[in-house]
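# Coordinates in review
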Amino acid sequence: MNETNLLWALTALMGTFGVVLLVGLAVAGKPGKISARLKELTSPEQEAAPQEQPGRREDAIPLLTRLLTGRRITDRLYLELSAAGLPVRPSEFVGILCGSVILSQFVAVAAARGAFGHLLFGAVGVVLPVMVVRSLQRKRRAAFDAQIVDALITMSASFKSGFSLLRAMQMVAQEMPQPISREFERIVSEVGVGRPLEEALRAAVDRINSYDFDLVVTAILIHLQVGGNLAEILETIADTIRERTKIMGEMRALTAEGRVSGLILVVLPIVLAVVLYEQRPEYMAVLLNDPIGPGLICAALVLQAIGVLVMRRMLALEV
C-alpha cells in the first residue's frame, strides 16, 4: 500500500512539474527576432519546402517544439545534439528525457526498493540520456580528429591545383567519410545561403569542440586577413598534428597501467558492496540500518569522487 501511495505521489509530482514547465515556457517572454524569422520562413511562399526536401523528417513533438522555440536552453541543446551527430530535435530530446524518468519509476516499483530506490532510479533516468549524448560526442570528436590530417592534405592539394577555399572544403565534403565530410558540407551550405565564412567556421568549432580543428580555423581566418600561402600553412599544421598525435599515443601507453589501477580502485568497493548485499545481507544490514551508516556511505562516495578527480588530474594529458 505504501508503494502504491508513493508511486501516485511521484506521478503527481512529475505531472505537476510538467504542467508548470509547459505553462512557464508558454507565458515566458516572446522570442522576438527569432519568432519573426520563423514566421517569415513558414510563410505561404515557403510551403513548398517540404516537397523540395522529400527526406526531411517530420517533427515528432510539434507542440513542445513551439514552446521551446527561441529559448537559450534550446540553442544549447541543439548545439549539444549536433556535436553528438544525433538527428534529434531539442524538443524530442526533452521528450526522451521525460520518458526515461517515467520508465525509471516503473522499474523502481518493480524492484520494490522504497523511496530511496525511486530517487536513485529517477536520477539514473535523468543522467543516462545525458551520458549517452556525451559518449557520442566523444566518439564523434575522436573520429573527426582522426580524419583532420587527411582533410588538410586534401585541401592543400586543392589549393595547389588552383581551387578556392570553398571549393577545397567542398572537395573534403565529397571525398572524405563522415563525420568530417558532413561538417565541411554544412559549412559550404551555410556560406552558400549567405552566412559569412568566418561565422560558419566559428560555429563549426563550437559544434565539434576539437582543438585541432580550432587550430585549423584560426589559421584560415588569419590567412583571410593577412594573406599568405595557405597550402603550405595547412601542410605544416598537418605535420604538427601528426607528430602531436604520435606523442600523445606514446604517453597514453605509458599511463595505461595507472588508468587501469585507478579504475579498479573505483569499481572494486562498489562491486564488493553489491556482492555482500546479495550474498550476505546481514553483513550490510549493520551499515544500512545504523543511524551512522548513511553518513558513512555519503562520506565514502565523496572520498571516491575526490580520488577520481585526483587520479584524472595526475593522468591528464595536456594538449
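Structure report, in brief. What you see is a predicted model; the values in this text were computed from it and never measured.

Right, let's get into the overall build of the protein chain. Looking only at helices and strands, the protein chain has 15 helices and zero strands in total. For the protein chain, the proportion of its 319 residues judged to be buried stands at 27%. For the protein chain, the share of sequence-separated contacts (at least 6 apart) that also reach a separation of at least 24 residues comes to 63%. As displayed, the protein chain offers around 21,100 Å² of accessible surface, 65% of which is attributable to carbon and sulfur atoms.

Turning to the packing of helix 13 (residues 256-279) against helix 15 (residues 293-315), a few remarks are in order. Packing of helix 13 against helix 15 leaves a shortest axis separation of 10 Å and a crossing angle of 175 degrees. The angle between helix 13 and helix 15 places the two elements in the roughly antiparallel class. Side by side, helix 13 and helix 15 meet where Gly 258, Arg 259, Gly 262, Leu 265, Val 266 and Pro 269 of the first sit next to Gln 304, Val 308, Met 311 and Leu 315 of the second.

Inspection of the entire model under this criterion finds 12 salt bridges. Between Glu 190 and Arg 186 there is a salt bridge; the shortest N-O distance is 3.3 Å. Here the residue Glu 190 and the residue Arg 186 both occupy positions in helix 9 (residues 180-192), the gap between them amounting to four residues, near one helical turn. Linked through salt bridges whose partners overlap, the residues forming this network are Arg 140, Glu 183, Arg 186, Glu 190, Arg 195, Glu 199 and Arg 207.

Let's shift gears to the packing of helix 8 (residues 165-175) against helix 9. Closest axis-to-axis distance for the helix 8/helix 9 pair is 8 Å, and the angle between their directions is 145 degrees. Between helix 8 and helix 9 lies a crossing whose hand is left-handed. Across the interface between the two elements, Leu 166, Met 169, Gln 170, Val 172 and Ala 173 from helix 8 touch Ser 181, Phe 184, Glu 185, Ile 187, Val 188 and Val 191 from helix 9. The residue makeup of the contact of helix 8 with helix 9, split by class, is eight nonpolar, two polar and one charged.

With that settled, consider the environment of Val 188. For Val 188, the location among the structural elements is in helix 9. It is 9.9 Å that separates the C-alpha atoms of Val 188 and Ala 168, two residues lying 20 residues apart in sequence. Beyond its immediate chain neighbours, meaning those up to four positions away, Val 188 contacts Leu 166, Met 169 and Gln 170.

Together, Val 302, Leu 303, Ile 306, Val 310 and Met 314 make up an exposed nonpolar region whose accessible area comes to about 510 Å². Tracing the backbone through its elements, the reader meets Met 314 in helix 15.

To continue, consider the side chain of Glu 80. With respect to the helices and strands, the residue Glu 80 is situated in helix 5 (residues 72-84). In contact with Glu 80, other than residues within four places in its own chain, are Val 133, Arg 134 and Gln 137.

Here Glu 183 is to be found in helix 9. For Glu 183, a relative accessible area of 3% corresponds to the buried category. A C-alpha to C-alpha distance of 8.5 Å links Glu 183 and Ile 208, two positions 25 residues apart in sequence. Not counting residues up to four positions away in its chain, the partners in contact with Glu 183 are Arg 140, Phe 144, Arg 207 and Ile 208.

Cis geometry marks the peptide bond from Gln 178 to Pro 179, where omega comes out at 10 degrees. Inspection of the secondary structure puts Pro 179 in the loop between helix 8 and helix 9. Here Asn 209, not a glycine, exhibits a phi torsion of approximately 55 degrees, which is positive. Here Asn 209 shows up in the loop between helix 10 (197-208) and helix 11 (211-226).

Looking at where Ser 100 falls in the secondary structure, it is placed in helix 6 (residues 90-111). One polar contact links the side chain of Ser 100 to the main-chain carbonyl oxygen of Gly 125, over a distance of 2.7 Å.

It is worth spelling out the nonpolar core at this point. Core analysis: the largest hydrophobic core is formed by 35 residues, its most contacted members being Ile 148, Met 155, Phe 184 and Phe 213. Among the elements of the structure, helix 7 (114-160), helix 8, helix 9, helix 10, helix 11 and helix 12 (230-254) are those that each provide at least two residues to this core. Take this core: its biggest share by element is seven residues, from helix 7. For Phe 213, the contacting residues outside a window of four places in its chain are Phe 144, Ile 148, Phe 184, Ile 187, Leu 201, Ala 204, Val 205 and Ile 208. Leu 77, Ala 84, Phe 93 and Val 94 belong to the second largest nonpolar core, which has six residues in total.

Positionally, Ala 108 belongs in helix 6. Put simply, Ala 108 and Leu 120 are 12 residues apart on the chain and 8.5 Å apart in space, counted from C-alpha to C-alpha.

Rules behind the numbers
- Residues numbered from 1 in each chain as written.
- Predicted model: local features only at pLDDT ≥ 70, side-chain atom pairs only at ≥ 80, totals over all residues.
- Heavy atoms only, no water.
- Helix = DSSP H or I, 4+ residues; strand = E, 2+ residues; numbered from the N terminus.
- Buried < 20%, exposed > 50% of the residue type's maximum accessible area, 1.4 Å probe, protein only.
- Contact = heavy atoms within 4.5 Å.
- Areas by Shrake-Rupley, 256 points an atom, 1.4 Å probe, with all protein chains shown as cover.
- Axes fitted to C-alpha atoms, helices over the stretch in contact; angles between N-to-C directions.
- Parallel < 35°, antiparallel > 145°, perpendicular 65-115°, else oblique.
- Salt bridge = Lys/Arg side-chain N within 4 Å of Asp/Glu carboxyl O.
- Left-handed = near helix turned anticlockwise from the far one by under 90°.
- Nonpolar A, V, L, I, M, F, W, Y, C, P; charged D, E, K, R; others polar.
- Patch = residues over 30% accessible without salt bridge, like charges linked within 9 Å, V, L, I, M, F, W, Y side chains within 5 Å.
- Polar contact = N/O pair within 3.5 Å; in protein donor to acceptor, adjacent residues only side chain to side chain.
- Core = buried A, V, L, I, M, F, W, Y, C linked by side-chain atoms within 4.5 Å.

These values are about where atoms sit, not about what they do.
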